[in-house]
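# Report on the structure
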Amino acid sequence: MEYICSECGKREAVTTRKAHCDCGGLWKLDFQAPCFEESRIDQSEWSLFRYRAFMALDDDAAWREISLGEGMTPIVRLDQNVLLKMDYFMPTLSFKDRGAAVLIAHCKAIGVDRVVQDSSGNAGNAVAAYCAKAGISCEIFVPEGTSPKKIDMIRAHGAVCTVVPGNRDHCADVCREKVEKQGVYYANHVYNPFFYEGTKTYIYEVFEQLHRIPENLVIPVGNGTLFLGVMHGLEELLASGAIDHMPQIIALQTETCDPLLRAAEQGLAEPVDVSPKPSLAEGIAIGKPMRGKEILAYARRYGVRFIHAPEDRILAARAALAAKGIYCEHTTAANYAAYLAYVEQYGPTPDCLITMCGAGLKSDH
Ligand SMILES: Cc1ncc(COP(=O)(O)O)c(C=O)c1O
Ligand SMILES: [Zn+2]
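No experiment lies behind these values; they were computed from the predicted model shown.

Time to look at the site of ligand 1. The environment of ligand 1 is made up of 17 residues, and the closest members are Asn 122, Gly 222, Asn 223, Gly 224 and Thr 225. Take Asn 122: an N or O atom from its side chain is 2.6 Å from an oxygen atom of ligand 1. Gly 224 is positioned such that a nitrogen or oxygen atom in its backbone is 2.6 Å from an oxygen atom of ligand 1. Contact with the protein chains removes 98% of the 390 Å² of surface that ligand 1 exposes when unbound. More than half of the atoms belonging to ligand 1 lie within 2 Å of the grid points that define the largest cavity.

Below, the structure is given as structure tokens:
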């Protein structure tokens, strides 16, 4: 299997240790998923690897060694209009396990023994856990202010957790410097295309569960790892004829850090430069989304609507969900706050699926 550079088109075997092409472009996978057929789902496998017939995997061995039973999360009804996909029912309590399971299976398959990663917490939790299972040594860089519970969890898995002063974007710069200087493998959820092979199973799962895709999907977008996986999954279902149109994607960003929302509003192809300010939704406060161009291209192609999660309504949204038995983290409460804001702007929005992608026990405030 090969990577193709998204900027210059250069090819490289996926066994490469390079985090990106020499020209600076990010890799995409040269992989075309076969036509979706329900009969090709492995009904005997109770993890997201039941969809492996449609996923790019190096071999059929590594994932068996590292799987922690990720995926297969339920869909529950919140009210007449809203369904919730309970993606915090995961081994490390967030949707990032979808991507990390596939990414670390890839690392295992190609013989990587040491990785670094930067994260606002959840992706770091996920990568640290799968590295522990895989016997791969791991260092996670997190920005100061990251929830102490996420840091404790990373360390509990035996990973080094380095807390970097400054914001999330600076933390990524510090980690990337280590990658460039020391040549350590960058097991990064944004750069590495195998991660999206995991996050796309969100869509395969929804389709298997409901036998259809709801008309509206609410997706948080920081670096867009769920967003891009969802787009890949939907395009694959569309190409297979399993669905006959794309749903409305409702993509949310915070009011204090919204480079993609602003770019979409202004019809720009690149994210706008912003000076991120703190948000309760720490997980999506990404000032420089590295795949911003790709996200905006999808947004234009499929009429994605961006919406702000109103900062002053995140706590109320979290309380409203908790009052119905759903205890999610603040970043995830932002998804519901954004949905409520969307309904105010666009009117009643039935048949809406919102991801509950991070667990409440992980965030303080
Ligand atoms: C709970 C939660 N929701 C959403 C996101 C946003 O994901 P992404 O930055 O890939 O768009 C994150 C990222 O860490 C997260 O932890
Ligand atoms: Zn290139």
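Let us now look at the pairing of strand β7 (residues 137-143). Most of β7 is tucked away, with 6 of its 7 residues classed as buried. Sheet topology note: the strand β6 (residues 114-118)/β7 ladder contains 5 bridges and is parallel. What sits directly across from Val 116, in β7, is Glu 139. Since β6 and β7 lie parallel, the crossover through helix α3 (residues 122-134) that links them has a hand, and here it is right-handed. As defined by bridge partners, β7 adjoins strand β8 (residues 160-164) across 5 bridges and the pair is classed as parallel. Among the inter-strand pairings, Phe 141 is bridged to a residue of β8, identified as Thr 162. One crossover worth recording links β7 to the parallel β8 by way of helix α4 (residues 148-156), and it is right-handed.

Glancing now at the packing of aromatic side chains. As enumerated under the stated definition, the model contains 14 aromatic pairs in all. Ring geometry for Phe 36 against Phe 207: centres 5.4 Å apart, planes inclined by 90°, an arrangement best described as edge-to-face. With Phe 36 in the loop between β3 (27-29) and α1 (62-66) and Phe 207 in helix α7 (residues 201-210), this pair connects stretches of sequence that are 171 residues apart. Neither residue differs from the other here; Phe 36 and Phe 207 are each classed as buried. Look at Tyr 186 and Tyr 191: their rings are 5.0 Å apart centre to centre, the planes differ by 70°, and that puts the pair in the edge-to-face class. Each member of the pair Tyr 186 and Tyr 191 is classed as buried. A cation over a ring is seen here: Arg 50 above Trp 46, with NZ or CZ 5.5 Å from the ring centre. Between the NZ or CZ atom of Arg 301 and the centre of the ring of Tyr 298, over which it lies, the distance is 5.0 Å.

Attention now goes to the domain arrangement of the protein chain. On domain assignment, one finds that the protein chain holds domain 1 (1-31) and domain 2 (75-94 + 195-362). The distance between the C-alpha centroids of domain 1 and domain 2 comes to 27 Å. Contacts between the two partners involve 5 residues from domain 1, matched on the other side by 5 residues from domain 2. Of the roughly 400 Å² buried where domain 1 meets domain 2, counting both sides, 51% is carbon and sulfur surface. At the junction of domain 1 with domain 2, the criterion picks out 1 salt bridge. One salt bridge in this structure joins Lys 293 and Glu 7, with 3.2 Å as the shortest N-O distance.

As summarised here, the arrangement of the 4 strands in space is β8-β7-β6-β9, forming an open sheet in which the pairing is parallel. Unpaired on one side and paired on the other, β8 and β9 (185-186) mark the two borders of the sheet. Where helix α5 (residues 168-182) meets the sheet, it contacts β6, β7, β8 and β9, and its direction lies at approximately 155° from that of β6.

Moving on, we come to the coordination of the zinc ion (ligand 2). Think of it this way: four donors in a tetrahedron around the metal ideally sit 109.5 degrees apart, and six in an octahedron ideally sit 90 or 180 degrees apart. Binding of the zinc ion (ligand 2) to the protein goes through Cys 5 (SG), Cys 8 (SG), Cys 21 (SG) and Cys 23 (SG), at separations of 2.3 Å. Considering all 4 donor atoms around the zinc ion (ligand 2), the spread of angles at the metal, 102 to 118°, places the coordination shape in the tetrahedral class. On the primary sequence, the residues serving as donors to the zinc ion (ligand 2) are separated as C-x2-C-x12-C-x1-C. Note that Cys 8 is positioned in the loop between β1 (2-5) and β2 (11-13) and Cys 21 in the loop between β2 and β3, a separation of 13 residues in sequence.

Its boundaries defined by the atoms lining it, the largest pocket holds a volume of some 590 Å³. Around the largest pocket, the lining comprises 23 residues; the ones closest to its centre are Leu 29, Phe 31, His 232, Glu 236 and Tyr 298. When contributions to the lining of the largest pocket are tallied by element, the ones reaching two or more residues are β3, α6 (194-199), α8 (225-240) and α10 (292-302). Examining the composition of the lining of the largest pocket, we find that 6 residues originate from one element, α8, more than from any other. Both domains that meet at the lining of the largest pocket, namely domain 1 (1-31) and domain 2 (75-94 + 195-362), each give it at least three residues. A volume near 440 Å³ is recorded for the second largest pocket. Residue lining of the second largest pocket: 21 residues in total, with Met 290, Arg 291, Gly 292, Lys 293 and Glu 294 positioned closest to the centre. Grouping the amino acids of the lining of the second largest pocket by side-chain chemistry returns 8 nonpolar, 5 polar and 8 charged. Of the residues that make up the lining of the second largest pocket, three or more belong to each of domain 1 (1-31) and domain 2 (75-94 + 195-362).

About the criteria used
- Residues numbered from 1 in each chain as written.
- Chains lettered and ligands numbered in written order.
- Predicted model: local features only at pLDDT ≥ 70, side-chain atom pairs only at ≥ 80, totals over all residues.
- Heavy atoms only, no water.
- Near = heavy atom within 4 Å.
- Polar contact = N/O pair within 3.5 Å; in protein donor to acceptor, adjacent residues only side chain to side chain.
- Areas by Shrake-Rupley, 256 points an atom, 1.4 Å probe, with all protein chains shown as cover.
- 1 Å grid on protein atoms, 1.4 Å probe; cavity = no way out; pocket = protein on both sides within 12 Å on 5 of 7 lines; lining within 4 Å.
- Sits in = over half its atoms within 2 Å of the grid points.
- Buried < 20%, exposed > 50% of the residue type's maximum accessible area, 1.4 Å probe, protein only.
- Helix = DSSP H or I, 4+ residues; strand = E, 2+ residues; numbered from the N terminus.
- Pairing = 2+ DSSP bridges.
- Right-handed = clockwise from strand over helix to strand, strands pointing away.
- Phe/Tyr/Trp six-rings, centres within 6.5 Å; stacked < 30°, edge-to-face > 60°.
- Lys NZ or Arg CZ within 6 Å of the ring centre and 35° of its normal.
- Domains from an automatic or database assignment.
- Contact = heavy atoms within 4.5 Å.
- Buried area = accessible area lost by both parts, 1.4 Å probe.
- Salt bridge = Lys/Arg side-chain N within 4 Å of Asp/Glu carboxyl O.
- Axes fitted to C-alpha atoms, helices over the stretch in contact; angles between N-to-C directions.
- Donors = N, O, S within 2.8 Å, 3.2 Å for Na, K, Ca; no water.
- Tetrahedral: all angles 85-135°; square planar, octahedral: opposite > 155°, others 65-115°.
- Points joined across faces, edges and corners; volume = space filled by probe spheres on them.
- Nonpolar A, V, L, I, M, F, W, Y, C, P; charged D, E, K, R; others polar.

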